[in-house]
Every structure is written in structure tokens, then in C-alpha cells.
Amino acid sequence: MRRVEALVLLSTLPSSIFAAESSRPRGVSPEFAKFYKSADSFTCISNPAITLSTSQINDNYCDCPDGSDEPGTAACTYLSSLSPPQPVSGSGAGLINSTLALPGYYCKNKGHIPGYIPFMYVNDGVCDYELCCDGSDEWEGVGGTKCEDRCKEIGKEWKKLDEVKQKAARNALKKKTGLVTDAQALRAGVEISIGRLETEIREKEAKAEELKRKFEEIERRERGKIISSNEGKPGSKVTVLAGLAKQRVEELREGLSKVVKKRNELKEKVVKLEAILSTFKEEYNPNFNDEGVKRAVKAWEDYAANKVDSDDSAEERDIEDISRPDTEAEGINWAEWETDSEESDVEAIYQIEAYLPTPIRGWVHQKITDFRIMLIENGILADNANSGSESKAVSDARSAYQEVNDEVSTKQASLGDLQRDLEKDYGPSDIFRAMKDKCISKDSGEYEYELCWMAGTSQKSKKGAGNTGMGNFVRFDKMVVDEEVGADGKGLGQGERMVMMYENGQHCWNGPNRQTTVVLGCAETDEIWKVVEQEKCMYRMDVGTPAVCEGNGAKNGPEKKDEL
């Protein structure tokens, strides 16, 4: 059956127009009835300078340049809706409008939906019930064609389908309202979390600042103390140097362990990559004429031919020996070097406090300590903090400060994530916030396609070849569509539709990164309607969802009302 574009009347017609309906010429709609009121003459609609007698209306001869004198025949079908104004032949009247003034032949379709049918289908011997269910377009009975009025049956069936569609539309709007409510609740939850984190961060920062002050104070006080051996005597340069050396050795040993771990990880990746390339060489089709594939296979063959296996067991044992911690029985006995039984030449300087009177002993001790710290800060004396023998007081103060400072950093990172999430575009009314990371799929023969809202799209092979990423969500957009809506209500219809762009997917062989344009239409449930590959690795996915349904309860496309 023919599929044609028709302009459908969408509003209930006034009763005054129906009263004058009998006086309208055949094929004239109530919208244009005012131009045909006169009983004596008719003026061309787009060319008022041309006046005809009423007998010339529907006489099967095109008298008006705009075809308005033939609303019920096919006499003016040669006129194009895109025809530009033309000059009047043999006169100086200038340009005339030769564009069709009427949208088509008007079918009343009582009991169903009134509408227009193209003039070329009038009296063509075919009953066009899709647009003209009353059969009035074949009024002349060309070739014995007789089209009965089927508007009653068609209208009854249409109303049943329309009730189902309207019910689905109401359910879709109800679901959309629920999604908006959920999205608002989720957004409010994010805002509450941000406020709570900001308060906690301020409190933690204040605590961290206080602990930092205490730590620096304790560290400064400890730096002024004399380095002592186990016997309580002042430490020598050798013990200080031993502490520094021990610390440095531990750092180097830790660094070596990290390098070895990284090396082992890279070795595992090389083994996996070699297995992939070996499988690729064995399974690829040599008859497939792709220079890139041939070069890759040739490069693998050269690599495999030159590969030499070596025995690294000795090297591994050496690394294991170096990485083993020092003990008294093996390695360096640091305890032997970190203690000093010999008396220091400067011991007497620090014992002078014992000979001073008690009232001034504290003052002198503080001055000596300050003087020692000044010498340390200027690099003249060794720093106890770098001796490898940090005191428990300093260690505890450092740990307390570091713990709170780490908590501040963690909370600041969480706060940043929440703030970025709050600023992210989740569509109108933040509705897709309630749908984030939820997925729908469609079985399409060889593949299964999956769409995850605000996340990604993928193509899953049923042959076990793994999943292919078709893109990650980047932004919302708009697209104007002009497509049919099926009897089941599935389809994008006509007008501007919301689009979700999924880009930077898995790279195509000899092509771009995969990309999916997700075009959204109104539906009662989330459903992938259709997936097509418009260009190489450029996909379009038509998807129904209640998230984009309009507030008037209509489905995709204009709302239709019965004339009667």
C-alpha cells in the first residue's frame, strides 16, 4: 500500500464551519472554505488579480496559476510546491505565484481523522484508504473503481490502538516523573555529602595544623639533644655515619625490590603479547589482501627468528641475596656500628650543666640546646633526624600528623569527585542521574548490542570473540528526524530529538575510533529499537525511553484528534 506524506488536521473544527460544509466545493477543507464562499465568482488564492466564475471550479482544467480552482481534481498536479514565481506571458503584470495554494485533496473521513491526499492520487483508480478512508478521492469512478467508505471500521480500530498508545504514554510519563524524583533525591544526596565533607575537611585541617605544630616543636626539641650510645654516652661521627648508611642501604634495597617487581610485570605482558601475535600469525587468512596485516605477520616472524632464550637463574639468585635484609649472621651487623663505647672529646662540654647551680641550670640547658640547633641548621653538626635513630616522641608526633593529613587529602579528593559530578550534565531535570550505569541490550543475530546510560556502548560477539567498545558518553546533543512510527508506537517520529554522543570507543582496524550516536524517542520502557552502522565504525542506535517523553502525554510525533 502506498506510503505518502500527508498533512493531518490536528484541531477540532468549529461548528460554524460544519454548518457551511455542504456549500464547499469537493476537496476543500474547512481551513480554506472562506475562499469559496461567493456564489458568483472565485478569486485565485495566491493571485487575487485573477477572478473566475464558480463554474470553473473543479471543471478539470487548471485556470489559476496556483491551482486553487481545482481542489477536487488532478488537473493541476503538474504544479510543483517548489515552483518559483513566474512572469505572466504577454503582459506587464510582473510575477505571478505558481506554487500550489492547497496542501492537497481534502478527505472528510467522518468517524476517523480528516486529512489531505496528494492531487495526483485523485481519480487514479486506486483506493487510498490509509489517507482517504471515505473513498471520496475516487469520486469519478475511473475504470469502474468504486471505493466504499471504511472510516467507521478504520476509525474504530485506530481508536483501539490509540487507547493503547495513550495508556502507554501515560505510563511513560508516570515513570518519567519517578525518574525525575529519584534524580532530584540523588542530587540532593550529593549536595548533602558535599556539605558534610566540607565541614569535616575544615575540622581535619584545623586538627592537622595543630598536630603539625606539635610535631615541628617536638622535632626541633629532639634535634637539640646529644646523640647517645646504649651506655648513655655522646655518639661519635662513626655512629652517625652508620645510621645514615643503614638508611641509605634500606632505601636502595626497597628501590631494587620495586624495579624487580616492575620487571616481572613487564615480562608477563611480553609473554601474553607474544602469545597473541603467535595466534594471530597461525589463524590469519593469507588470502586477505591487507598490507598492514602482512607487515605485522612478517615483523612477528623476524622477531621470533631472532629471539634468544637465556638462563637468568644466576642473576635472580644475586638479586635475591641483595634484597635479603641484613642480620648479625649475614650481611652488615649495623648494631655493631651504631653503638660507640669510646668517650667523645666534647663530653665535658655537655656535662658542665651538672656543676651549675640549680636556678640557672635550666636557662643554660636551653641556651646550649638553641646553640646546637643553630649549628645543625647551618650544617655544622649532624642532624639527629637523619641519623636513622629517630626518637619515639618524634615518630609518634609525625605519625599522628601524617595520619590526619592523609585523611584530609582523601576527603579533598572525594569532595572534588562529588563537585565534578554535581556540575556534570545529566540532561533535563538531571533525569539521567537516576539512570546512570543502568544497561539495556538488544539481540541482533550475530551480535548483542548494549547501552549503559551515561557510561558506554558495546558490541558483544556470540562467537566468543570478546566485547568491542563502541564509545563512551561525552555529551548531549539534538537531531531533527523525519521517520515513521510503527503501529506498536516504536519509532522516532518527526521533529527534534535528544541525542547522546558516545565517542572514543575501541579503535577500528585501518579506521577511526568507534562512535555511537544514540537517538532517543519516547517509550514506556527502556528499549533499543534499532542499531545500524552508517559509516565504517560509526553507529547509530535508536532507543526508546520514558526519560524523553513530553509532558502532554503524547508519543513521538504530533497528537491526532478525531474530526467528529
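Whatever comes next refers back to the structure up there.
Caption draft 1: Expanded view of unusual backbone geometry. In the Ramachandran plot, Ser429 falls in the positive-phi region, its phi being about 55° despite a non-glycine side chain. Along the chain, Ser429 turns up in the loop between α9 (392-423) and β7 (439-444). Phi at Asn510 is positive, roughly 55°, even though this residue is not glycine. In this structure, Asn510 sits in the loop between β11 (494-503) and β12 (515-522).

Caption draft 2: View of the pairing of strand β8 (residues 447-452). Here β7 pairs with β8 via 6 bridges, running antiparallel. Its bridge partner lying in β8, Lys442 is registered against Tyr449. Counting the residues between successive antiparallel strands, the hairpin from β7 to β8 contains 2 residues, one of them, Gly445, with a positive phi of roughly 75°. Strand direction decides the pairing type here: β8 and strand β9 (residues 456-461), joined by 5 bridges, are antiparallel. Across the sheet, Leu451 pairs through a bridge with Thr457, a residue of β9. The hairpin formed by β8 and β9 contains 3 residues between the paired strands, and Met454 there has a positive phi angle of roughly 60°.

Caption draft 3: Structural view of the nonpolar core. Phe432, Leu451, Trp453, Met500, Leu520, Met541 and Val543 are the most contacted members of the largest nonpolar core, which totals 28 residues. Counting only elements with at least two residues in this core, the list comes to α2 (151-223), β8, β10 (467-482), β11, β12, β13 (527-535) and β14 (538-545). What Phe432 contacts, discounting residues up to four positions off in sequence, is Tyr426, Gly427, Trp453, Met454, Phe476, Met498, Met500, Leu520, Ala547 and Val548. Counting residues in each nonpolar core, the second largest holds 21 residues, with Ile57, Tyr106, Cys107 and Phe119 among its members.

Caption draft 4: Looking closely at the sheet that holds β8. Read across the open sheet, the 8 strands follow the order β7-β8-β9-β10-β11-β12-β14-β13; overall the sheet is mixed. Pairing within the sheet leaves two strands with one partner each, and these edge strands are β7 and β13. The average undirected angle you get between the axes of adjacent strands in this sheet is 25°. Here β13 pairs with β14 via 7 bridges, running antiparallel. Looking at the pairing, Val531 lines up with Met541 of β14.

Caption draft 5: Up close: the environment of Gly521. One can find Gly521 in strand β12. A relative accessible area of 0% means that Gly521 is categorised as buried.

Caption draft 6: Summary view of the pattern of salt bridges. In the structure shown here, the tally under the stated rule is 22 salt bridges. The residue Glu191 makes a salt bridge to Arg187 at a minimum N-O spacing of 3.6 Å. Of the two residues, Glu191 and Arg187 are both situated in helix α2; the distance of 4 residues between them amounts to about one turn of the helix. On the accessibility criterion, Arg187 (28% relative accessible area) is partly exposed. Its salt-bridge partner being Arg433, residue Asp430 comes within 3.0 Å of it at the nearest N-O pair. Arg433 gets classed as buried once you look at its relative accessible area, which sits at 7%. Each of Arg187, Glu191, Asp421, Asp430, Arg433 and Lys436 takes part in one network of salt bridges that share partners.

Caption draft 7: How the structure looks around the pairing of β12. Across the 8 residues that make up β12, a large majority, 7, are buried. Bridge analysis of β11 against β12 gives 4 bridges, and the strand direction is antiparallel. Bridge pairing links Tyr502 to Thr516 in β12. When β12 meets β14, the two strands line up parallel, connected through 8 bridges.

Caption draft 8: View of a nonpolar patch on the surface. Taken together, Leu273, Ile276 and Leu277 make up a surface patch of nonpolar side chains, about 270 Å² in accessible area. What makes Leu273 partly exposed here is its relative accessible area of 48%.

Caption draft 9: The arrangement of α9 in detail. Its 32 residues give α9 an end-to-end C-alpha distance of 47 Å, which sits within 8% of 46 Å, the value for a rise of 1.5 Å per residue. Listed in full, the buried residues belonging to α9 are Val394, Ala397, Tyr401, Val404, Val408, Leu415, Gly416, Asp421 and Leu422.

Caption draft 10: Structural detail: the state of the cysteines. Taken as a whole and judged by the stated rule, the model has 8 disulfides. Paired by a disulfide, Cys107 and Cys132 hold their sulfur atoms 1.9 Å apart. Residues Cys107 and Cys132 share a disulfide whose torsion about the S-S bond is about -105°; that sign makes it left-handed. Of this pair, Cys107 sits in strand β5 (residues 105-107) while Cys132 is found in the loop between β6 (115-117) and α2, placing the two residues 25 residues apart along the sequence. Summarising the burial analysis for this pair, Cys107 and Cys132 share the class buried.

The rules behind each value
- Residues numbered from 1 in each chain as written.
- Predicted model: local features only at pLDDT ≥ 70, side-chain atom pairs only at ≥ 80, totals over all residues.
- Heavy atoms only, no water.
- Helix = DSSP H or I, 4+ residues; strand = E, 2+ residues; numbered from the N terminus.
- Pairing = 2+ DSSP bridges.
- Core = buried A, V, L, I, M, F, W, Y, C linked by side-chain atoms within 4.5 Å.
- Buried < 20%, exposed > 50% of the residue type's maximum accessible area, 1.4 Å probe, protein only.
- Contact = heavy atoms within 4.5 Å.
- Axes fitted to C-alpha atoms, helices over the stretch in contact; angles between N-to-C directions.
- Salt bridge = Lys/Arg side-chain N within 4 Å of Asp/Glu carboxyl O.
- Patch = residues over 30% accessible without salt bridge, like charges linked within 9 Å, V, L, I, M, F, W, Y side chains within 5 Å.
- Areas by Shrake-Rupley, 256 points an atom, 1.4 Å probe, with all protein chains shown as cover.
- Expected span 1.5 Å × (residues − 1).
- Disulfide = S-S within 2.5 Å.

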